[in-house]
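The lines below spell out each chain.
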Amino acid sequence: MAASMLVRVLGVALLLAAPAGHVWLFATAALFLGIGNQAWPAAHAALVATVAHCRERDAALAGGRALRNAGLGAGALLATACLAGGTTALQALAAVTGLAYLAAAALAWSVRLRTHPADTPSTDGAGGPAPRMHALLAANVVYVFCLNVPEIALPLVLVTQVHASPVWSAAIFMANTVLVVTLQVPVTVLMSRFSRRTVLALAGVVLAASYLGFLAATSLGHGWSAPAVAAVSVVCTIGEIIYAGSATALVTALAPAHLLGRALARFQLSTGFGLAVSPAVIAALATRGSAALWGGLAAATLLSASAVSTETDHGTRLGGAGAGREQAHELGDHPGAA
C-alpha cells in the first residue's frame, strides 16, 4: 500500500515538473498516477483480508470503499473550485495532493504488520491451489461497466438523446456518490445472510434491470425522460453497491492465503480493463441508439451473472478443511457457520 502511494507521489512530481507544451512528460506523469491507482485497490484488499476475516472482512472492505467514494466526491468539488483559479490553483492542488499521498504512504507503512501464510487462520484456505475464477474475471469486466454509467453513459444519453440540461447529469453523479457513501456498509452487512456468489449474481440482475429501466426512461416524452432516468439511476446505484460489496470479498474468500495477492491482482486487472474499454464501448453502442446501448449492456450483464452463479470453485475446494469451511459459507451456509 505504501509503495502504491509513493508511485502516485512520483506521478504528481512529474506532473508539476512538466513544462507547458511537454505532452510526453505529462503523459508519463499520468501513467505513474494510473499505475498507483490500479495497484492500490489490490494491495488494500490484501491487507484488509490479512487483518479481518469472514463477514467482518466484507464490512471492512465496504467501509473502505465508502470512504474512498467520499474522498473522490470531495476531490471533485475541490478540483471544480480550483478551476476558477486557473493554472496556479490547479498546480497548488496537485502539490497538496502529492503531500497527501506521501502522508498516506507513511500511515500505511506505520502499520507494522508481519504475517505468513502458515499463520493465517484456516478459514482462508491457506495452502490450497489458486482458484481459476475464469468466469468471475470475465464477468467482472462486464460488471464494472456500471461504474462508468453515471460518469459517461448517462451524461452522454441525457445531452445527446434526451436533450436535457447538464444539471441532471451533475445531480445524478452527486446522488450516486452520496448513496454509495451512506449505503455501502449497511447493504453489504444486510446481504451477508447470503453467499457472496449469490449476492454477486443478484447484483448483475439488479444492474440489468436498471439498464432496461434506462431504455424505458429514454423513450418517454420530452420533459419526462430526464426525471425518469434520474429515478432509475438510484436502482443502478443499488446494483453497483451490491456488486462492489460482494465481488472483492468473494475473491478474498476463494483465494488461498499464500496466493491472495496474486488473485486480487488478477481481479484488479479485469477491473482496470473493464474501466479502460467501457467508455469506447458505451460511446459506440450509443451511436446505434438506446436499444443497442441499454439492451446490449443488460444482455451482457445477465450473461455475466449467469456465469458467476454457475462457476464452480475447484481450486478452493481442494484447499483443506479450513478452505472447506469458507467454501461452505460461499455455497450458502448461515453466516454463523463461518
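Rules and cut-offs
In this numbering scheme, every chain counts its residues from 1 along its sequence in written order. Only residues with pLDDT of 70 or above have their local features reported here, since the model is predicted, and side-chain atom pairs are shown and tallied only from 80 upward, although totals for entire chains, interfaces and linings are computed over all residues. With hydrogens and water stripped out, all remaining heavy atoms of the structure feed into the side-chain values. Secondary structure follows DSSP: runs of H or I at least 4 residues long count as helices, runs of E at least 2 residues long count as strands, and numbering of each begins at the N terminus. Think of it in three bands: residues with accessible area under 20% of the maximum for their type are buried, residues over 50% are exposed, and the middle band is partly exposed, with areas taken using a 1.4 Å probe on protein chains only. For this analysis, residues touch if any pair of their heavy atoms sits within 4.5 Å. Method for areas: the Shrake-Rupley scheme with a 1.4 Å probe, in which residue coverage is limited to the protein chains shown. A score between 0 and 100, pLDDT records how confident the predictor is in each residue. Contacts described as polar in this section are N or O atom pairs within 3.5 Å, which, within protein, must combine one atom able to donate a hydrogen with one able to accept it, while residues neighboring in sequence count only if both atoms come from side chains. Between 30 and 60 degrees the pair is tilted, below 30 it is stacked and above 60 it is edge-to-face, where a pair is any two Phe, Tyr or Trp rings, Trp via its six-membered ring, whose centres lie within 6.5 Å. For salt bridges, the criterion is a side-chain nitrogen of Lys or Arg within 4 Å of an Asp or Glu carboxyl oxygen. Take the number of residues in a helix, subtract one, and multiply by 1.5 Å to get its expected span. We call a set of buried residues a nonpolar core when its members are Ala, Val, Leu, Ile, Met, Phe, Trp, Tyr or Cys and they connect through side-chain atoms within 4.5 Å of each other.

J.: Which residues make up the overall build of the chain, and what values do they have?
T.: Within the chain, the secondary structure is distributed over 13 helices and 0 strands. Starting at the N terminus and ending at the C terminus, the chain contains elements arranged as α-α-α-α-α-α-α-α-α-α-α-α-α. Out of the 338 residues in the chain, the part that is buried amounts to 43%. Here the contacts in the chain between residues at least 6 apart in sequence split such that 81% fall between residues at least 24 apart. Summed over all atoms, the accessible surface of the chain reaches about 15700 Å², with 72% contributed by carbon and sulfur.

J.: Go over the confidence of the model for the chain with me, naming the residues and quoting the values.
T.: Taken over all residues, the pLDDT of the chain has a mean of 86, while the share at 70 or more is 88%. Below a pLDDT of 50 lies the segment residues 120–126, which in the model reaches 27 contacts outside its immediate sequence neighbourhood of four places, other chains included. This model gives residues 315–328 a pLDDT under 50, and the stretch forms 28 contacts once residues within four places in sequence are excluded.

J.: An account of the side chain of Gln184 is needed here, citing residue identities and associated values.
T.: Secondary-structure assignment places Gln184 in helix α7 (residues 166–190). Look at Gln184 and you get buried, because its relative accessible area is 0%. Engagement of the side chain of Gln184 in a polar contact is seen with the backbone oxygen of Ile241, the distance being 3.0 Å. With sequence-adjacent residues up to four places away left out, Gln184 is seen in contact with Ala62, Arg65, Ala66, Leu179, Ile241, Ala244 and Gly245.

J.: So what's going on with the packing of aromatic side chains? Residues and values would help.
T.: Applying the stated criterion across every chain, the model contains 3 aromatic pairs. Relative to Trp294, the ring of Phe214 lies with its centre 4.7 Å away and its plane at 35°, an arrangement referred to as tilted. Of this pair, Phe214 sits in helix α8 (residues 196–218) while Trp294 is found in helix α11 (residues 290–310), placing the two residues 80 residues apart along the sequence. Take Trp294: its relative accessible area is 0%, and that puts it in the buried class.

J.: Which residues make up the pattern of salt bridges, and what are the values?
T.: Following the criterion strictly, the structure yields 3 salt bridges and no others. Between Asp58 and Arg55 there is a salt bridge, with its nearest N and O atoms 3.0 Å apart. On the criterion of helical spacing, the pair formed by Asp58 and Arg55 is a turn pair, its members being 3 residues apart in helix α3 (residues 54–83). The residues Asp58 and Arg55 share a single accessibility class, namely buried.

J.: Can you tell me about helix α4 (residues 86–110), naming the residues and giving the values?
T.: With 25 residues, α4 should cover 36 Å at 1.5 Å per step; its first-to-last C-alpha distance of 36 Å lies within 8% of that length. Those residues of α4 that sit buried are Leu93, Ala94, Gly98, Tyr101 and Ala105. Packed against the buried residues of α4 are α1 (2–17), α2 (23–51) and α3.

J.: Before we move on, can you summarise α11 with the specific residues and values?
T.: Taking 1.5 Å of rise per residue, 21 residues should cover 30 Å, and α11 covers 30 Å from first to last C-alpha, within 8% of that figure. If you follow the buried residues of α11, they end up packed against α5 (134–143), α6 (149–160), α8 and α10 (260–286).

J.: Could you give an account of the nonpolar core, with specific residues and numbers?
T.: Residues Tyr143, Val149, Leu200, Tyr211, Phe214, Tyr243 and Trp294 are the most contacted members of the largest nonpolar core, which totals 61 residues. Elements that contribute at least two residues to this core include exactly α2, α5, α6, α7, α8, α9 (225–254), α10 and α11. Here this core gets 14 residues from one element, more than from any other, and that element is α9. If we ignore the near neighbours within four places in the chain, the residues touching Tyr143 are Leu200, Ala201, Ala203, Gly204, Leu207, Tyr243, Ser304, Ala305 and Val308. Of all hydrophobic cores here, the second largest spans 8 residues; its members include Met5, Val12, Tyr101 and Ala105.

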